[in-house]
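Survey of secondary and tertiary structure
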Amino acid sequence: MASASVESVDTYVKVTDGLGGLPKVILTSVHGSEAEIYLFGGCVTSWRVDNTDLLYVRPDAIFTGLKPISGGMPHCFPQFGPGPIQQSIVDSENVEGNHVVTLVLRDDPYSRSIWDYSFQALYKVSLDRNTLSTELKVTNTDEKPFSFSTALHTYFRASVTGASVKGLKGCKTLNKDPDPTNPVEGVEERDVVTFPGFVDCIYLDAPGELYLDNGLGDLITIKNTNWSDVVLWNPHLTIESCYKDFVCVENAKCCQQWPSHFTVFKHCNIGLE
Ligand SMILES: O=P(O)(O)OC[C@H]1O[C@@H](O)[C@H](O)[C@@H](O)[C@@H]1O
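Residues numbered from 1 in each chain as written. Predicted model: local features only at pLDDT ≥ 70, side-chain atom pairs only at ≥ 80, totals over all residues. Heavy atoms only, no water.

The name an unreviewed UniProt entry gives the protein chain is glucose-6-phosphate 1-epimerase, with Sesamum alatum as the organism. Recorded in UniProt for the protein chain, the comment headed Sequence similarities (unreviewed entry) runs: "Belongs to the glucose-6-phosphate 1-epimerase family." (UniProt positions renumbered as here; feature names shortened; annotations may be inferred.)

This is the structure in structure tokens:
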């Protein structure tokens, strides 16, 4: 499923060999910002504004096409979280405009072997001066209904000791620490959520707008439409080699199973629009 057919290339969309020889799309905005997207997994691995990369790829990420890339914005679909079905892979792409790229994932024998449905998932990535936008549209092309959960498991570059997220106060939480198989229900009381240690927490019915201070001098506004939940994750000493350098702020639909037709939008903006 890692192969890709590229239908067009222009000044703003280039396809090149990425790490491990995996095809990578380089998307450039007329304003100079740049994004890189691996077709394997439809994973945005880099979003650079003014030469600063706001996303983070873990040093232990593997680019063999055998497992999802650990970093950037990998997809969890059709299931959120560890389980028998892991993240799926985008298998072709087509270019819609100067700096908008649309990837498509359709069922194939591999996906059928783990999730026996016919579907189409379109994933659009666009870039403006200060904004990286994504749209994920899942359509049931089967004769039988299905449901799924999903997430954009987004790794932001950060200094974990200075990083914080605003906007989650009052949300119901499912805290996966200490036991991910038995999350503890609660309510977020803090205006500003920080990452002082291991963090793995689901926020239910989270608002459409959050503010991430990455602790490196950048304030990133994360807006969404239709993604209902948010996950904050930092592995702390369980990934000692790099936990200080990122935080995950993930948009998700993780606790309900969603119906067959589904469109969600996520916009990450640095600075003011
Ligand atoms: O698959 P990755 O990139 O190693 O991330 C795993 C983590 O992803 C997070 O989304 C989950 O909330 C954690 O429970 C999980 O450990």
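Before going further, it helps to examine the overall build of the protein chain. Of the regular secondary structure elements, the protein chain holds one helix and 22 strands. Pairs at least 24 residues apart make up 64% of the contacts formed inside the protein chain by residues separated by at least 6 positions. Entry remark: accessible area of the protein chain is about 12,000 Å², with carbon and sulfur atoms responsible for 50%. (Helix = DSSP H or I, 4+ residues; strand = E, 2+ residues; numbered from the N terminus. Contact = heavy atoms within 4.5 Å. Areas by Shrake-Rupley, 256 points an atom, 1.4 Å probe, with all protein chains shown as cover.)

For the rest of this paragraph, the subject is the sheet that holds strand S1 (residues 13–17). If you walk across this open sheet you meet the five strands as S1-S2-S3-S4-S5, and the pairing is antiparallel. Each end of this open sheet is capped by a strand with a single partner; those strands are S1 and strand S5 (52–53). With five bridges joining them, strand S3 (residues 34–38) and strand S4 (residues 43–49) adopt antiparallel strand pairing. By the bridge assignment, Glu36 is partnered in S4 with Ser46. (Pairing = 2+ DSSP bridges.)

This next bit is on the state of the cysteines. The full count for this structure, using the stated rule, is zero disulfides. The structure places no disulfide on Cys201, whose sulfur is separated from the nearest cysteine sulfur, that of Cys171, by 9.6 Å. Assessed through its relative accessible area of 7%, Cys201 is described here as buried. Considering cysteine sulfurs only, Cys248 is the nearest to Cys242, which forms no disulfide, with 9.7 Å between them. (Disulfide = S-S within 2.5 Å. Buried < 20%, exposed > 50% of the residue type's maximum accessible area, 1.4 Å probe, protein only.)

Per the counting criterion, the structure on display carries 15 aromatic pairs. Taking the centre distance of 5.1 Å and the plane angle of 50° together, the rings of Tyr38 and Phe63 count as tilted. Here Tyr38, found in strand S3, pairs with Phe63, found in the loop between S5 and strand S6 (75–76); they are 25 residues apart in sequence, far enough to count as distant. Each member of the pair, Tyr38 together with Phe63, is buried. Judged by centre distance (5.1 Å) and plane angle (85°), the rings of Phe148 and Phe262 are edge-to-face. Of this pair, Phe148 sits in strand S11 (residues 148–152) while Phe262 is found in strand S22 (residues 262–270), placing the two residues 114 residues apart along the sequence. We note that Phe148, like Phe262, is buried. Here the aromatic cluster, defined as three or more aromatic residues joined through ring pairs, consists of Phe77, Trp115, Tyr117, Phe119, Phe146, Phe148, Trp227 and Phe262. (Phe/Tyr/Trp six-rings, centres within 6.5 Å; stacked < 30°, edge-to-face > 60°.)

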